[in-house]
Each structure stands twice: as structure tokens, then as C-alpha cells.
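# Structure at a glance
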Amino acid sequence: MPRPTAAQLAYGSATVIVSTIAMLLLSQTSTGLGVAVISAAALALGLLVAVTVPSPGRRGRHAAARTDAAPAGVVAEAVAEQPVHH
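Below is a summary of the structure that appears in this document. Here the structure is a predicted model, which is why all the values come from computation and not from measurement.

### Regarding helix 1 (residues 6–27)
- A rise of 1.5 Å per residue sets the reference length of helix 1, with its 22 residues, at 32 Å; its end C-alpha atoms lie 31 Å apart and thus fit the reference within 8%.
- When we look at burial in helix 1, the residues that qualify are Q8, G12, T15, S19 and T20. Projected onto a plane normal to the axis of helix 1, the buried residues spread over an arc of 120° and lie on a single side. Pointing more than 90 degrees away from the buried face of helix 1 are the exposed residues A6, I17, V18 and L25.
- Residues of helix 1 that are buried make contact with helix 2 (32–52).
- Looking at the residues trailing helix 1, positive phi occurs at Q28, about 55°.

### Topic: the environment of T15
- Counting through the fold element by element, T15 comes out in helix 1.
- Sequence-wise, T15 and L43 are 28 residues apart; in three dimensions their C-alpha atoms are separated by 8.3 Å.
- In contact with T15, not counting residues within four places along its chain, are T20, L45, G46 and V49.
- Within polar-contact distance, the side chain of T15 engages the backbone oxygen of Y11 at 2.7 Å.

### Brief notes about the side chain of Q8
- Position of Q8 relative to the elements: it lies in helix 1.
- Exposure remark for Q8: the relative accessible area of 10% places this residue in the buried category.
- Within the structure, Q8 has its side chain in polar contact with the backbone oxygen of A50 (distance 3.3 Å).
- Of the polar contacts made by the side chain of Q8, one reaches the backbone oxygen of V53; its length is 3.3 Å.
- Q8 has contacts with R3, A50, V51, V53 and S55, leaving out every residue within four places of it along the chain.

### A short note on the packing of helix 1 against helix 2
- Contact pair helix 1 / helix 2: the axes reach a minimum separation of 8 Å and the direction vectors enclose 150°. As summarised for this structure, helix 1 and helix 2 are arranged roughly antiparallel, according to the angle between their axes. The hand of the helix 1/helix 2 crossing is right-handed. Contact with helix 1, carried on its side by Q8, Y11, G12, T15, V16, S19, T20, M23, L24 and S27, involves V35, I38, A41, A42, L43, L45, G46, V49, A50 and V51 of helix 2 and no other residues of that element.

### Side note on the environment of A41
- Note that A41 resides in helix 2.
- Distance in space between the C-alpha atoms of A41 and V16 is 8.8 Å, their sequence separation being 25 residues.

Cut-offs applied
- Per chain, the residues get numbers from 1 upward, laid out in the order the sequence is written.
- Whole-chain, interface and lining totals are the exception, using all residues; otherwise, since this is a predicted model, local features are given only for residues with pLDDT of at least 70 and side-chain atom pairs are given and counted only at 80 or more.
- Note that water and hydrogens are dropped before the side-chain values are worked out from all heavy atoms of the structure.
- Strands are runs of DSSP state E lasting at least two residues, helices are runs of H or I lasting at least four, and both sets are numbered from the N terminus onward.
- To estimate the expected span of a helix, count its residues, drop one, and scale the result by 1.5 Å.
- The cut-offs for exposure are 20% and 50% of the maximum accessible area for each residue type, with area from a 1.4 Å probe on protein chains only; residues under the lower value are buried, those over the upper are exposed, and the others partly exposed.
- Regarding the arc, it is the one traced by the directions from the helix axis to the C-beta atoms.
- The contact rule is simple, with two residues in contact once any of their heavy atoms fall within 4.5 Å.
- For the purposes of these results, a polar contact is taken to be a pair of N or O atoms within 3.5 Å, where, inside protein, one atom must be able to donate a hydrogen and its partner to accept one; residues adjacent in sequence count only when each atom of the pair is a side-chain atom.
- Helix axes are fitted to C-alpha atoms over the stretch in contact, other axes to C-alpha atoms as well, and angles between N-to-C directions run from 0 to 180 degrees.
- Any angle that is under 35 degrees is reported as roughly parallel, and any over 145 degrees as roughly antiparallel; angles of 65 to 115 degrees are reported as roughly perpendicular and all others as oblique.
- By convention the crossing between two helices is left-handed if the near helix lies anticlockwise of the far one by an angle smaller than a right angle, and right-handed if it lies clockwise.

Set out below in C-alpha cells:
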């Protein structure tokens, strides 16, 4: 498993902190169990955000599809050979 990047750590940590504060303020819980549930939910949300942040080495669907396609010159030649119907 690759190491997390700085962006993944930053986004994940910020998500955990902001979501914990927001959920604690909105729920107005004061019990230990409520705080534990909110903390666990915020941690899970932060992990989800950190995992979904794209790493620099990963390529998206669009980049992968572009490299699998024919080179631009081949496509232009194929288009030029087709007759134009008006």
C-alpha cells in the first residue's frame, strides 16, 4: 500500500476536525457515548475523503482512455478519407 501524500493527510485531517466540531455543535450531545459515536463517524468520513483524493501517480479514466485511443494523425486521416454527405 503506498504512503499517503501531503494532500491526502491535509484533506483527511481537516475533514475529521471540521466534521467533528460541526456534528458536536449540531447534536448538542454531552454524553461520552454520543461524543464517541460522533468521533468515530468523523474519523470514518476523514478516511473516506483521504482515500478519494487522487494521488499524483494515479491517472483518471479520461487520461487512460486517451492513451488507449489511436494517435491523432491516424484519426485525422480516417476522418479525411470518409466522404461528406450533404
